[in-house]
Amino acid sequence: STAMAALASTTLTQSNVRANHGRTTNHLARARATALRAPARPTIPARQRVGHLALTRGVNLNTDISRVAEFKRHEKDSGSSEVQIALLTSRVAQLTAHLKENRKDYACQRGLQQILARRKKLMKYLFSNDRAAFDRVVAELGIREKLSKQI
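Residues numbered from 1 in each chain as written. Predicted model: local features only at pLDDT ≥ 70, side-chain atom pairs only at ≥ 80, totals over all residues. Heavy atoms only, no water.

Novice: How do you make sense of the overall build of the protein when you look at a structure like this?
Specialist: In terms of regular secondary structure, the protein is built from 8 helices and 0 strands. Going from the N terminus to the C terminus, the protein shows its helices and strands as α-α-α-α-α-α-α-α. Split into buried and exposed, the 151 residues of the protein put 30% on the buried side. Intrachain contacts of the protein at a sequence separation of at least 6 include 47% that bridge at least 24 residues. Summed over all atoms, the accessible surface of the protein reaches about 11100 Å², with 53% contributed by carbon and sulfur. (Helix = DSSP H or I, 4+ residues; strand = E, 2+ residues; numbered from the N terminus. Buried < 20%, exposed > 50% of the residue type's maximum accessible area, 1.4 Å probe, protein only. Contact = heavy atoms within 4.5 Å. Areas by Shrake-Rupley, 256 points an atom, 1.4 Å probe, with all protein chains shown as cover.)

Novice: What exactly am I supposed to notice about the nonpolar core here?
Specialist: One recurring pattern in soluble globular proteins is that nonpolar side chains are buried together. Ranked by internal contacts, the top residues of the largest apolar core, which has 25 residues, are Ile 85, Met 123, Phe 134 and Leu 141. If you list the elements that add at least two residues to this core, you get α5 (81-101), α6 (106-129) and α7 (131-141). In terms of residues, this core owes the most to one element, α5, which gives 8 residues. Those residues in contact with Leu 141 that lie beyond four places of it in its chain are Arg 67, Phe 71, Ile 85, Ala 86 and Thr 89. (Core = buried A, V, L, I, M, F, W, Y, C linked by side-chain atoms within 4.5 Å.)

Novice: Any chance you could explain α7 here in plain terms?
Specialist: Residue pairs three or four apart in sequence face the same way in an α-helix, which turns once every 3.6 residues. Within the sequence span of α7, burial applies to Ala 133, Phe 134, Val 137, Val 138 and Leu 141. Taken around the axis of α7, the buried residues stretch over an arc of 130 degrees, which confines them to a single face. Looking at α7, the residues exposed on the side facing more than 90 degrees away from the buried face are Ala 132 and Ala 139. In this structure, the buried side of α7 is in contact with α5, α6 and α8 (147-150). (Arc of directions from axis to C-beta.)

Novice: Would you explain the pattern of salt bridges in this entry?
Specialist: Close approach of charged atoms allows side chains of opposite charge to pair. Inspection of the entire model under this criterion finds 3 salt bridges. Ionic pairing is found between Glu 82 and Arg 73, a salt bridge with its closest N-O pair at 3.0 Å. By relative accessible area, which is 56% here, Arg 73 ends up exposed. Notably, a salt bridge pairs Glu 140 with Arg 136, separated by 3.3 Å at the nearest N-O pair. Within this pair, Glu 140 and its partner Arg 136 are both found in helix α7, separated by 4 residues, close to a single helical turn. Looking at Glu 140, the relative accessible area reads 32%, which means it is partly exposed. (Salt bridge = Lys/Arg side-chain N within 4 Å of Asp/Glu carboxyl O.)

Novice: What is the right way to look at the packing of α5 against α7 in this model?
Specialist: The angle between the axes and the distance between the axes are what describe a pair of packed helices. Running from N to C, α5 and α7 point in directions that differ by 20 degrees, and their axes come no closer than 11 Å. One element, α5, and the other, α7, form an angle in the roughly parallel class. In terms of crossing hand, the pair formed by α5 and α7 is right-handed. The residues of α7 that touch α5, namely those facing Glu 82, Ile 85, Ala 86 and Thr 89, are Ala 133, Val 137 and Leu 141. (Axes fitted to C-alpha atoms, helices over the stretch in contact; angles between N-to-C directions. Parallel < 35°, antiparallel > 145°, perpendicular 65-115°, else oblique. Left-handed = near helix turned anticlockwise from the far one by under 90°.)

Novice: Mind showing me how you'd approach the layout of surface pockets here?
Specialist: In this approach the atoms are scanned with a rolling probe the size of a water molecule, which exposes any empty space left behind. Estimated volume of the largest pocket: approximately 510 Å³. Of all the secondary-structure elements, those providing two or more residues to the lining of the largest pocket are α6 and α8. By residue number, the principal contributor to the lining of the largest pocket is α6, which donates 5 residues. For the lining of the largest pocket, a count of residues per class yields 5 nonpolar, 3 polar and 6 charged. (1 Å grid on protein atoms, 1.4 Å probe; cavity = no way out; pocket = protein on both sides within 12 Å on 5 of 7 lines; lining within 4 Å. Points joined across faces, edges and corners; volume = space filled by probe spheres on them. Nonpolar A, V, L, I, M, F, W, Y, C, P; charged D, E, K, R; others polar.)

Novice: Would you explain α6 in this entry?
Specialist: Here α6 is 24 residues long and its end C-alpha atoms lie 35 Å apart, about the 34 Å a rise of 1.5 Å per residue gives. Here the buried face of α6 lies against α5, α7 and α8. (Expected span 1.5 Å × (residues − 1).)

Novice: Explanation requested: the packing of aromatic side chains in the structure shown.
Specialist: Describing an aromatic ring pair means giving the distance of the ring centres and the angle of the ring planes. Evaluation of the coordinates by the stated rule reveals 1 aromatic pair. Judged by centre distance (5.0 Å) and plane angle (75 degrees), the ring pair of Phe 127 and Phe 134 falls under edge-to-face. Its guanidinium or amino end placed over the ring of Phe 127, Arg 131 lies 3.7 Å from that ring's centre, counting from NZ or CZ. (Phe/Tyr/Trp six-rings, centres within 6.5 Å; stacked < 30°, edge-to-face > 60°. Lys NZ or Arg CZ within 6 Å of the ring centre and 35° of its normal.)

Next up, the structure:
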């Protein structure tokens, strides 16, 4: 409270204006505004929220990642194509449910399209490099795929 009293008692002098290149606001005004603002919410590190799978983008607390564990090659696997496709598929399901209720959420639509494009690229890579893993992922996740029909 003494700091607030000191901030409130300071006035803008000619030297402060000169130091701020003629601007009428100074760093003290900003400090007052910061001191009056409510304290920030404590942030929870991403690793604590969803385990080591938080390394991938797009995973949040509403996304059901229970099926991702089936596709891990080892305990700490978070980067293999199968795991990434499973994560993106769970995110697609969550965003689709959101869009059923919020049809005009165009930002969400754009995000969904980006996630689908990323999943499509990963599936294309998996299809060309490991056909057995591709077939397993498509069958277990119930993804409609067109890659095998193009050949």
